[in-house]
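# Report on the structure
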Amino acid sequence: MKGAWLERATGFVNQRLVVVPRPLIREALTRPITRRLVVTDAGAFPVAKEHGRHRPEGANETIVILCVAGAGWVESGGFRVDVTKSTAVVLPGGTGLAHSYGASIEDPWTIWWCHVLGSDVAELIGESGVSPERPLIPLVAIDRLTAMLDEIITALERDQSPARLVATAGMAWKLLATLAVERRLPEQGSPLQRAMKFLEDRVDGSIRLPDLAKVVGVSSSQLSKLFKDATGGGVLAHHAALKMARARLLLDTTDLTIAEVGREIGLNDQFYFSRQFTRMHGVSPRAYRAEGKG
């Protein structure tokens, strides 16, 4: 991975770049909030022609890159993958493993990025499911994530006071948490997304696993695994959770009787509905409705 272009880390037209002085970072890592998460560097590189970095021993900081246009590549853990629009690259820090990344020669990427340190980072990154071998997260709503990085950069451009570092820590925590959620969201048009949408549209009905698998074009075992990986449970458990979410909404916002609420979610036996609701919530539908909320 040698090459002069790999050393071009900055210097792009209309770039934004903020590097927090390292003494301030060391001090921040001793304070109650910022020791858990602190942004050390952040920036935006539009059409970053010939951009690239090679770190033979990785980085202490965890690196987050959002590719909003163009293309690039990343090599980590001995694997090289292409990076396209609406993709996040997450390179966990402190691994000691070499990594490299750079812009496509034909279609240089536009990226927003930040580096973070702190005791919460590993747990947040672990929740997103990334690893040195799997550093990419396909993004559903990249504009929302870009806005978060824009807010971080704008804040640090003003100053890097302790108060500002606390503020950007909160922003970065939200960014990493959102990335963790994005990893779990099914891709648009995928069998899992279509199956979830099918169940959402039929909260008042019932469905058999083989029938749903046939609708979305996968085997029952494949569909079960997709739901287990995404939700921690099975297809029927997910459908039941959707039904109970609708029941809670109806109990909170309407004057429907308990029996009518049950019928709205496809459970026509009032006593069966009440047993299912109580099993999930620990209280009966009537008791739930009587609870003070808000």
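Residues numbered from 1 in each chain as written. Predicted model: local features only at pLDDT ≥ 70, side-chain atom pairs only at ≥ 80, totals over all residues. Heavy atoms only, no water.

### Overview of the side chain of His 99
Along the polypeptide, His 99 turns up in strand β8 (residues 99–103). If sequence neighbours within four positions are ignored, His 99 has contacts with Arg 53, His 54, Arg 55, Gly 58, Ala 59, Ile 63, Glu 75, Ser 76 and Leu 91. (Helix = DSSP H or I, 4+ residues; strand = E, 2+ residues; numbered from the N terminus. Contact = heavy atoms within 4.5 Å.)

### Some thoughts on the sheet that holds strand β3 (residues 52–55)
Strand order in this open sheet of 4 strands is β3-β8-β5-β6, and the pairing throughout is antiparallel. Each edge of the sheet is formed by a strand with only one pairing partner; in this case those strands are β3 and β6 (79–83). Averaged over all adjacent pairs, the angle separating strand axes in this sheet is 10°, with direction ignored. Pairing of β3 with β8 involves 4 bridges; the strand directions are antiparallel. Note that in β8 the partner of Gly 52 across the bridge is Gly 102. (Pairing = 2+ DSSP bridges. Axes fitted to C-alpha atoms, helices over the stretch in contact; angles between N-to-C directions.)

### Some words on the environment of Leu 226
In this fold, Leu 226 is placed in helix α7 (residues 220–231). According to the relative accessible area criterion, Leu 226 is partly exposed, its value standing at 31%. In this structure, the C-alpha to C-alpha distance between Leu 226 and Gly 262, residues 36 residues apart in sequence, is 29 Å. In this structure, Leu 226 is in contact with Pro 191 and Leu 192, ignoring residues within four places of it in sequence. (Buried < 20%, exposed > 50% of the residue type's maximum accessible area, 1.4 Å probe, protein only.)

### Focus on the environment of Leu 145
Its location among the elements puts Leu 145 in helix α3 (residues 142–158). For Leu 145, a relative accessible area of 0% corresponds to the buried category. With sequence-adjacent residues up to four places away left out, Leu 145 is seen in contact with Leu 66, Leu 139, Leu 175, Thr 178, Leu 179 and Glu 182.

### Quick look at the pattern of salt bridges
Side-chain pairs of opposite charge can arise where the charged atoms are in close proximity. Evaluation of the coordinates by the stated rule reveals 9 salt bridges. Between Arg 36 and Asp 120 there is a salt bridge whose closest N-O contact spans 3.2 Å. Here Arg 36 is found in the loop between α1 (22–28) and β2 (38–45), whereas its partner Asp 120 is found in the loop between β9 (110–117) and α2 (121–128), with 84 residues between them in sequence. In this structure Asp 120 comes out as buried when scored by relative accessible area, which is 15%. Ionic pairing is found between Asp 201 and Lys 197, a salt bridge with its closest N-O pair at 2.8 Å. Under the relative-accessibility criterion, Asp 201 is labelled partly exposed at 45%. Judged by relative accessible area, Lys 197 falls into the partly exposed class, the value being 40%. (Salt bridge = Lys/Arg side-chain N within 4 Å of Asp/Glu carboxyl O.)

### Thoughts on helix α6 (residues 209–216)
Because each turn of an α-helix spans 3.6 residues, side chains separated by three or four positions in sequence point in the same direction. Considered for burial, the residues of α6 that qualify are Leu 212, Ala 213 and Val 216. With its buried residues spanning 100° around the axis, α6 presents them on a single face. One or two residues past the end of α6 sits Gly 217, with phi positive at roughly 80°. (Arc of directions from axis to C-beta.)

### Here we look at the sheet that holds strand β1 (residues 16–19)
Spatial strand order, β1-β2-β9-β4-β7-β10: 6 strands in an open sheet with antiparallel pairing. The outermost strands of the open sheet, each flanked by one partner alone, are β1 and β10 (136–138). Taking the axes of each pair of neighbouring strands and ignoring which way they run, one obtains an average angle of 15° across the sheet. Here strand β7 (residues 87–91) pairs with β10 via 3 bridges, running antiparallel. Across the sheet, residue Val 89 finds its bridge partner in β10, namely Leu 136.

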